[in-house]
Amino acid sequence: MQPAAVDSPGVLALGARSRTASERQVEERRRRWPAKVGRLALDLVLLAALLVATWEVGVRSTDFVGTPKGADALDHASTVKLLMQDFPHVLWNPAWFSGMKLLPGIYPPLYHLIIATAVAASGTTIEHAMVVCTAVAFLVMTASAYGFVRLISRSSAAAAVAGAVVLAVPAFWQPSLRSGEYPRLIAMAFACLATFLAALYTRKPGRLRLTAVIIAATCGMSTHDLTGGLGVLQVLGVLLFVNYRPFAERIKVVAGVAAAVAAMVLWLYLPTLVGFHAYYLIPQPRFVPNTGTSYRRLFETVGSSLKAFSPLLLPLTLLLMAAAAWFAWRRSSFSSKRFRQCVGASAAMLIVALVVLTYAYIGRFTHADLEIVGIYPNDMFTYAAWPLATTCGLLLAALASELRSRLRYLWRSALYVAPALAAVVCLVATVPVLKRDAFSYQQTAEIQLPIMPGSNGTKQYRLALTDATETSWINFFTNVPEVGGPFNQGAVNFTWSFWAESVLSNDPPSVAEMKFMLNWNAVRWIQAGSGPSAYGFYQDHPALFRYVGPSADNTYHNFVVRQTSPILAATDAPPVLIVGSAENYNLLLRALALTDVGPNTLIPVQGEANLNDYSLKKLEQFPEIFLYGFQASNPRQAAKLLRGYVRHGGGLVIDVGGAAGLAAELAKDGAPLPVTKWRSFELYQSWHFAPSKSSLLRGIDLAKFSPAVYAQTFPYLVEGASQRSPGSSVDLLSDGRPVLVDEHVGKSTVIESGLNLPYHDDTFSNTTESSLLARLLLSSIARSWASAPANAGRAKITTDADLLRTAGAEGVLFKEDDSPGWHAYVDGRPSSVYPAGLGYMYLRLEGSSSPATVRFQYELSGSEWATIVTALLALVVLGAYLIGVPLPRRIRRRLERAKKDIRATFRGKSDAIRLQRARVAELLADPAPDVRLQGLSLLRGEPALQPYGDLLLEEARTERDDECIQALVALVAAFQWEPIASPEIAKLRRWAASVHRATRV
């Protein structure tokens, strides 16, 4: 066969056709290019217009100029300052609430790290960096709204409407202008950016885009937990509901993103969730009517409130939702892919908005508001503004894509122009209210700067403030640590911190309690607010406080405490181990405060509630033990422990209130207690005390005891000694019964009381009762204890590493909150630290006569290091995924083997069901009734009837034997709690119910 000639007609025709097709493609691309350029130009113009509008609103509202606005602005500025001045020692923050964790702490740190980095890199001020960061955040959120709607809907007009609608919402601007919640604002910006990137990923999936989504979502979670979590929910919703891949693959993508984000923020949240701060992350009932969250805020008139929606946002959303639902109902299937994409993305946004509004209004439907501490329900409208505005843009585009009439271009124009004009009107009307409601402490703080002598760089003393608003800005202007602080979520012992603030504020209960608080909190300076009620107490006691002078505008008055004890010092004050519950320890501490039994006199050490948790060696470190509300899991062993402790010379005081039976059992088992048996009796109003000549009661006026009543109404229960040891002596009789008994055992003194004195003293705040309680504790201390005051030593206070050199002392008292991360070292050797006083730390020194170097070091725990390593590994894996590094062969093999095992497991279950179906079908088809009964009995052991529904329904239709019918009815009744998962099961249950009713008739 000869080959065709080159110039044959067939070859020429084929070549011509090929060249024509190529030319057509080139020509088509040339025709599309102007349209693409036009769309790009339109997008740039509209986006630029939105950004200019955002900038104009920010400037006119003073949000983008001047100093940072909002009530919490200087709180975060102070955090940045502390972070920078203490770097790299950033684990512990001693400036607030007697110490709290700084990094990682209760607040995710990314915002403060961004500001600190910007200040360090540019040399600008912290306030200017915060303002610039705020402007960038709003510009990013506006651009993200436009880009997100534009990518999903492919409509520039819908995207512009979404951007205009969100700018017109007053609540959108509230975090920076009114509240100063800058971490939440920046987390919102990261969330919006991550949502935009998720939409970009749905257009063209790729490794780089998915990695960008994960990083943006992780940054949001690293800035704030609430808004970061809502951002992750938005991202996952977009990746799940927008149809860009098969549903099974979308679930895998969502699971991967969620796992990656969780792994990288685990180090920030896991220590908090498993620790004592979990309370602040779980919604708590407030039992206070949520009057702030009014329904009017959903449809607020223009210019009424900075915490409300615009009058356009929610009505427009509801209207568009109704229209989209009507279109979906009128048509059996969606006619366009654009409609489906827009509806899917809208569903993701509406889920977030529904979560936010449910939290805002849940108090309207329950007896108590559920509130996450520090996140108020009436502030939640901010976080629903962006999702609802983008929903409006998406639904507008969805409805526009479904218009099919001849006038569709006119209808589309009206559909976009009407909400755009309404948004512009709302925006113009909103700008004045934004400027009106903007709030800042900056000028007030600068005018009211405190007049203090300073801490001389030692940080050994604290500042107390009577005005809570000062705590938000005082540390921005001074390095002196304060008793309170702005972020009470991070307080280690908030109960005692609140007690200290209430006593140090206006009108304290007594001078003794004030001195107690001053000494335990190492307060050297006090800044009192204006008015006699705020500073009158300090002015009326010049022996305790020296007046320094007023602030610049005469609003605040400053005082210096004449005598107080430092934060870190050596001490010879006797430590008393309190064995009992935390509640009982709190009662004792508050009772001692009434007579100023402070750290220079006595150091109460909070112990465990169970006496069996101690060894004799540990007990011998304390000259006295006070048992109050204690337990003993092994009374015989506990009695042996007390016997050895008293024989060693330790003092023992027991208040048997609520534990009289246990005390008697300990005495029976050989504990050296003066009372071997107690009997309860009730008193009402009068104590019926008999005169006493005991040295324990010398100078105590028993007539000044508060009434013997419980809860101000009921009789008071007292324990009286009905049987005593031979060597004991009665110190006090009540109604003829011994209620206070002591005994000298060798060099030790053992005292037992049945008065439940700490509880009664705390209830009535009686100084006479407090004096008796202090007398009992001080008189039983081991006689060998040193009484001379110790040299306080030379201390160096930093942040997470504190040093003390002492010439010799019995112990060291460190008035920082006893967090689990603190460790103590004496001359380089680890030593035990005990919680003492108001949740502080006490270190017992061995060999008190020799000099020692004591170092307190704050360190991360093993679990915290594990979460940090997990985050780093997740980051490495994410980087490997981005650049396409394949997994090692061994790991791939293991993953493939695990996948095969999972498939085999499910396949095995399906194969077993298939075999069981075949067997049951064969038995039910048998003509013999006994064989069919056997087939029904096989299903008794199955977990569900749904796989056999069609077989059983066919059996019900054809069965004529009464015994088989009753067996089938009984089988269906046995599975009546199984969810109805198929029509066959529903029909089978109706048949069984009809048969059952017919049988009963």
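Residues numbered from 1 in each chain as written. Predicted model: local features only at pLDDT ≥ 70, side-chain atom pairs only at ≥ 80, totals over all residues. Heavy atoms only, no water.

**A word on the sheet that holds strand β14 (residues 675–683)**
With antiparallel pairing, three strands are arranged side by side in an open sheet as β14-β16-β15. Each edge of the sheet is formed by a strand with only one pairing partner; in this case those strands are β14 and β15 (709–710). Summarising the sheet, β15 and strand β16 (residues 714–724) pair through two bridges and their orientation is antiparallel. Across the sheet, residue V709 finds its bridge partner in β16, namely P715. The strands touched by helix α23 (residues 660–668) within the sheet are β14 and β16, with β14 carrying the most contacts at an inclination of about 165 degrees. (Pairing = 2+ DSSP bridges. Helix = DSSP H or I, 4+ residues; strand = E, 2+ residues; numbered from the N terminus. Contact = heavy atoms within 4.5 Å. Axes fitted to C-alpha atoms, helices over the stretch in contact; angles between N-to-C directions.)

**Overview of the sheet that holds strand β24 (residues 829–831)**
Ordered by their spatial adjacency, five strands build an open sheet running β20-β21-β27-β23-β24, and the pairing between neighbours is antiparallel. Of all strands in the sheet, those with a lone pairing partner are β20 (794–796) and β24, marking the two edges. Strand-to-strand, the axes of this sheet are offset by a mean angle of 25 degrees, without reference to chain direction. Bridging between β20 and strand β21 (residues 801–806) involves three bridges; their strand directions are antiparallel. Counterpart to R794 in the pairing with β21 is R805.

**Remarks on the side chain of S153**
Relative to the helices and strands, S153 resides in helix α4 (residues 126–153). Contacts of S153, omitting those with residues within four sequence positions, involve A158, R338, C342, L394 and A397.

**A short note on the packing of aromatic side chains**
Counted according to the given criterion, the structure contains 30 aromatic pairs. Residues F138 and F172 carry aromatic rings whose centres are separated by 5.3 Å and whose planes lie at 80 degrees to one another, so their mutual orientation is edge-to-face. Taken together, the positions of F138 in helix α4 and F172 in helix α6 (residues 170–179) put the pair 34 residues apart, joining distant regions of the chain. Of the two residues examined, F138 and F172, each falls in the buried class. Here Y201 and Y244 contribute two aromatic rings whose centre-to-centre distance is 5.7 Å and whose plane-to-plane angle is 75 degrees, an arrangement assigned as edge-to-face. Within this pair, whereas Y201 is found in helix α7 (residues 182–203), its partner Y244 is found in the loop between α9 (225–241) and α10 (247–274), the two being separated by 43 residues in sequence. (Phe/Tyr/Trp six-rings, centres within 6.5 Å; stacked < 30°, edge-to-face > 60°. Buried < 20%, exposed > 50% of the residue type's maximum accessible area, 1.4 Å probe, protein only.)

**Here's the deal with helix α30 (residues 962–974)**
Compared with the 18 Å implied by 1.5 Å per residue over 13 residues, the 18 Å span of α30 between its first and last C-alpha is a close match. Burial in α30 covers these residues: C964, I965, L968, V969, L971 and V972. Looking down the long axis of α30, one finds its buried residues gathered within 160 degrees of arc, a one-sided arrangement. Opposite its buried face, α30 presents the exposed residues D962 and E963, each directed more than 90 degrees away. Its side-chain oxygen placed 3.2 Å from the backbone nitrogen of E963, D961 serves as the N-cap of α30. (Expected span 1.5 Å × (residues − 1). Arc of directions from axis to C-beta. Polar contact = N/O pair within 3.5 Å; in protein donor to acceptor, adjacent residues only side chain to side chain.)

**So, the confidence of the model for the protein**
The pLDDT averaged across the protein works out to 83; a share of 85% of its residues lies at or above 70. Per-residue pLDDT stays below 50 along residues 1–18; that stretch engages in three contacts with residues further than four places along the chain or on separate chains. Note on residues 283–292: pLDDT under 50 across the span, and 24 contacts to partners over four residues away in sequence or across chains. (pLDDT = per-residue confidence, 0-100.)

**As for the nonpolar core**
General note: in soluble globular proteins, nonpolar side chains tend to be found buried as a group. With 136 residues, the main nonpolar core has F148 and F172 as its most contacted residues. Other than its neighbours up to four places away in sequence, F148 contacts T195, F196, A199, V238, A345, M349, W386, T390 and L394. Formed by 100 residues, the second largest nonpolar core is a distinct cluster that contains F626, A638, V739 and L740. (Core = buried A, V, L, I, M, F, W, Y, C linked by side-chain atoms within 4.5 Å.)

**Let's talk about the packing of helix α17 (residues 494–504) against helix α18 (residues 511–520)**
Two elements in contact, α17 and α18, have axes separated by 10 Å at closest approach and are oriented at 130 degrees. Looking at the two axes, α17 sits oblique to α18. Of the two elements, α17 crosses α18, and the hand of that crossing is left-handed. Between α17, through W499, A500, V503 and L504, and α18, the contact on the second element is made entirely by E513, M514, F516, M517 and L518. In terms of residue class, the contact of α17 with α18 is made up of eight nonpolar, no polar and one charged. (Parallel < 35°, antiparallel > 145°, perpendicular 65-115°, else oblique. Left-handed = near helix turned anticlockwise from the far one by under 90°. Nonpolar A, V, L, I, M, F, W, Y, C, P; charged D, E, K, R; others polar.)

**A closer look at the environment of A323**
By the element assignment, A323 lies in helix α11 (residues 313–330). Along the primary structure A323 and L396 are separated by 73 residues, whereas in three dimensions their C-alpha atoms are 9.6 Å apart.

**Thoughts on the pairing of strand β23 (residues 822–826)**
Burial of β23 is extensive: four of the five residues sit out of reach of the surface. By the bridge criterion, five bridges tie β23 to strand β27 (residues 852–858) in an arrangement that is antiparallel. Paired with W822 across the bridge in β27 is Y858. Looking at chain direction, β23 and β24 are connected through three bridges and run antiparallel. Counted as the bridge partner of V826 is R829 from β24. Adjacent in sequence and paired antiparallel, β23 and β24 are bridged by two residues, among which D827 carries a positive phi angle near 55 degrees.

**A short note on the environment of Y840**
Mapped onto the secondary structure, Y840 falls in strand β26 (residues 840–844). Y840 gets classed as buried once you look at its relative accessible area, which sits at 1%. Taking the C-alpha atoms as reference points, Y840 and Q606, separated by 234 residues in sequence, lie 9.7 Å from one another. Ignoring any residue separated from it by four or fewer positions in sequence, one finds Y840 in contact with S98, R462, W520, N521, F814, K815, E816, D817, D818, Y834 and P835.

**Looking at a nonpolar patch on the surface**
Together, L208, L882, I883 and V885 make up an exposed nonpolar region whose accessible area comes to about 390 Å². In this fold, V885 is placed in the loop between α26 (862–883) and α27 (889–924). Overall, the relative accessible area of 45% leaves V885 in the partly exposed class. (Patch = residues over 30% accessible without salt bridge, like charges linked within 9 Å, V, L, I, M, F, W, Y side chains within 5 Å. Areas by Shrake-Rupley, 256 points an atom, 1.4 Å probe, with all protein chains shown as cover. Salt bridge = Lys/Arg side-chain N within 4 Å of Asp/Glu carboxyl O.)

**Quick word on helix α20 (residues 582–593)**
Compared with an ideal rise of 1.5 Å per residue, which puts 12 residues at 16 Å, α20 spans 17 Å between its outermost C-alpha atoms and is within 8% of the ideal. Within α20 the residues assigned to the buried category are N584, Y585, N586, L587, L588, L589, A591, L592 and A593.

**Focus: unusual backbone geometry**
Even without glycine at this site, T62 takes up a positive phi of about 70 degrees. Among the structural elements, T62 can be located in the loop between α1 (9–60) and α2 (73–86). Overall, T62 belongs to the partly exposed group, its relative accessible area being 21%.

**A word on the packing of helix α8 (residues 207–221) against α26**
Angle between the axes and distance between the axes: these two values describe a pair of packed helices. Interhelical geometry of α8 versus α26 gives an angle of 155 degrees and a closest axis separation of 8 Å. By the angle class used here, α8 and α26 are roughly antiparallel. Seen along the crossing, α8 lies across α26 with a hand that is left-handed. Taken together, the residues of α26 that come into contact with α8 (itself represented by R207, L208, L210, T211, I214 and I215) are L878, Y881 and L882. Its residues assigned to classes, the contact of α8 with α26 comprises seven nonpolar, one polar and one charged.

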